[in-house]
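# Examination of the molecular architecture
The chain contents come next:
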Amino acid sequence: MKFFVDTADIDDIKDLASTGLLDGVTTNPSLIAKSGKEFIPLIEEICDIVSGPVSAEVAATDYETMRKEAEVLRKIADNIAVKVPLTPAGLKVCKELSDGGTMVNVTLCFSAAQALLAAKAGATFISPFVGRLDDISQTGLDLIAEIVTIYSQYPNFHTEVLVASVRNPLHITESAKMGADVATCPPNVIRALYNHPLTDKGLAAFVEDWKKTGQSIL
Ligand code: G3P
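The paragraphs below set out a description of the structure included in this document. Since the structure is predicted, the reported quantities are computational estimates derived from the model, not experimental observations.

Let us look at the pattern of salt bridges. Applying the stated rule across the entire model yields twelve salt bridges. Residue E160 pairs with K2 through a salt bridge whose shortest N-O separation is 2.7 Å. Of the two residues, E160 is situated in strand β7 (residues 160–163) and K2 in strand β1 (residues 2–6); the sequence distance between them amounts to 158 residues. In this structure K2 comes out as partly exposed when scored by relative accessible area, which is 30%. Linking E208 and K211 is a salt bridge whose minimum nitrogen-to-oxygen distance equals 3.1 Å. On the criterion of helical spacing, the pair formed by E208 and K211 is a turn pair, its members being three residues apart in helix α11 (residues 197–213). Here K211 falls in the exposed class, since its relative accessible area comes to 56%. One network of salt bridges, with partners in common, ties together D12, D15 and R191.

Pasting the structure below:
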């Protein structure tokens with residue numbers, strides 16, 4: 001499973017990239033607003049840090065403007081994935097970009113039917129939002145299972161399931177069990193993956209016992 005970080009915070013991206021375990025970055029207009037930075041230079045900076053896909057989202061909702069924005073975004077770097085909403089206009093832009101060889105991330109997916117359309121439009125990634133479904137008392141992970149099952153029936157679909165709106169490590173491990181391709185996670189959720197109290201307890205005991213030996217490896 002690939003790990004993307006869902007943030008526009010440069011310090012977090014640099015820190016997580018330094019682990020060697022980060023495969024890409026996703027951003028959205030809310031994350032850009034939160035960063036307080038200029039959109040295009042910020043995305044350029046992110047693309048310099050991470051060699052994997054970097055999702056940059058269009059702001060328009062109409063086809064013509066979206067297409068023009070996508071043209072600007074795709075030229076930022078070779079590793080840009082243009083992010084478009086799951087709307088008729090968004091999928092039309094998706095099809096054109098995909099046919100031209102540009103990576104596309106289709107976002108705001110909340111149903112298997114929508115995911116089917118995105119695959120037919122040639123999306124590189126489909127982003128089902130598990131956390132936001134959980135928020136309205138629907139089981140977000142059920143949607144991941146449905147999409148993975150549907151996509152697996154059609155070898156001509158090459159769209160990767162990118163689990164989005166991830167809120168906790170369980171969203172990641174359960175999606176991995178289903179065979180989802182990617183999880184995009186807030187930085188704190190990626191860091192939480194390392195944690196287990198028995199790891200801390202065991203390490204503390206090893207450190208104390210090693211001291212008793214009076215030895216040094218170096
Ligand atoms: O970037 C899309 C998605 O991951 C947003 O997550 O937490 O705002 O629902 P969230």
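Alright, that's what it looks like, and here's the rest.
What follows deals with the site of the ligand. Residues in contact with the ligand, as listed here, are D6, N28, K83, F129, R132, A164, S165 and R167. In this structure, an oxygen atom belonging to the ligand sits 3.4 Å away from a side-chain N or O atom of K83.

Taken together, the side chains of L203, F206 and V207 present a nonpolar region at the surface, about 330 Å² in accessible area. You can call V207 partly exposed: its relative accessible area is 40%.

Two elements in contact, helix α8 (residues 140–152) and helix α9 (residues 169–178), have axes whose closest approach is 10 Å; the angle formed by their N-to-C orientations is 20°. Regarding the angle of α8 to α9, the classification is roughly parallel. You can see that α8 and α9 cross each other, and the crossing is right-handed. Contact residues: α8 offers L141, I144, A145 and V148, while α9 offers L170, H171, E174, S175 and M178.

Moving on to the sheet that holds strand β3 (residues 54–57). Taken together, the eight strands give a closed barrel; going around it, the order is β1-β2-β3-β4-β5-β6-β7-β8, and neighbouring strands pair in parallel fashion. Strand-to-strand, the axes of this sheet are offset by a mean angle of 30°, without reference to chain direction. As paired strands, strand β2 (residues 24–26) and β3 are joined by two bridges and run parallel to one another. Counted as the bridge partner of T26 is S55 from β3. Sheet strands in contact with helix α3 (residues 39–49) are β2, β3 and β4 (80–85), and its direction is about 170° off that of β3. The sheet strands contacting helix α4 (residues 63–74) are β3 and β4, and the helix crosses β4 at an angle near 160°.

In this section: the nonpolar core. Ranked by internal contacts, the top residues of the largest apolar core, which has 60 residues, are I43, V84, V106 and I126. When residues of this core are assigned to their parent elements, the largest contribution, six residues, is made by α8. Here I43 is in contact with T27, I32, V54, S55, A56, I76 and I80, once residues within four sequence places are set aside. Core analysis: the next-biggest nonpolar cluster, separate from the first, contains seven residues, F4, F125, A164 and V182 among them.

Conventions and cut-offs
Residues numbered from 1 in each chain as written. Predicted model: local features only at pLDDT ≥ 70, side-chain atom pairs only at ≥ 80, totals over all residues. Heavy atoms only, no water. Salt bridge = Lys/Arg side-chain N within 4 Å of Asp/Glu carboxyl O. Helix = DSSP H or I, 4+ residues; strand = E, 2+ residues; numbered from the N terminus. Buried < 20%, exposed > 50% of the residue type's maximum accessible area, 1.4 Å probe, protein only. Near = heavy atom within 4 Å. Polar contact = N/O pair within 3.5 Å; in protein donor to acceptor, adjacent residues only side chain to side chain. Patch = residues over 30% accessible without salt bridge, like charges linked within 9 Å, V, L, I, M, F, W, Y side chains within 5 Å. Areas by Shrake-Rupley, 256 points an atom, 1.4 Å probe, with all protein chains shown as cover. Axes fitted to C-alpha atoms, helices over the stretch in contact; angles between N-to-C directions. Parallel < 35°, antiparallel > 145°, perpendicular 65-115°, else oblique. Left-handed = near helix turned anticlockwise from the far one by under 90°. Contact = heavy atoms within 4.5 Å. Pairing = 2+ DSSP bridges. Core = buried A, V, L, I, M, F, W, Y, C linked by side-chain atoms within 4.5 Å.

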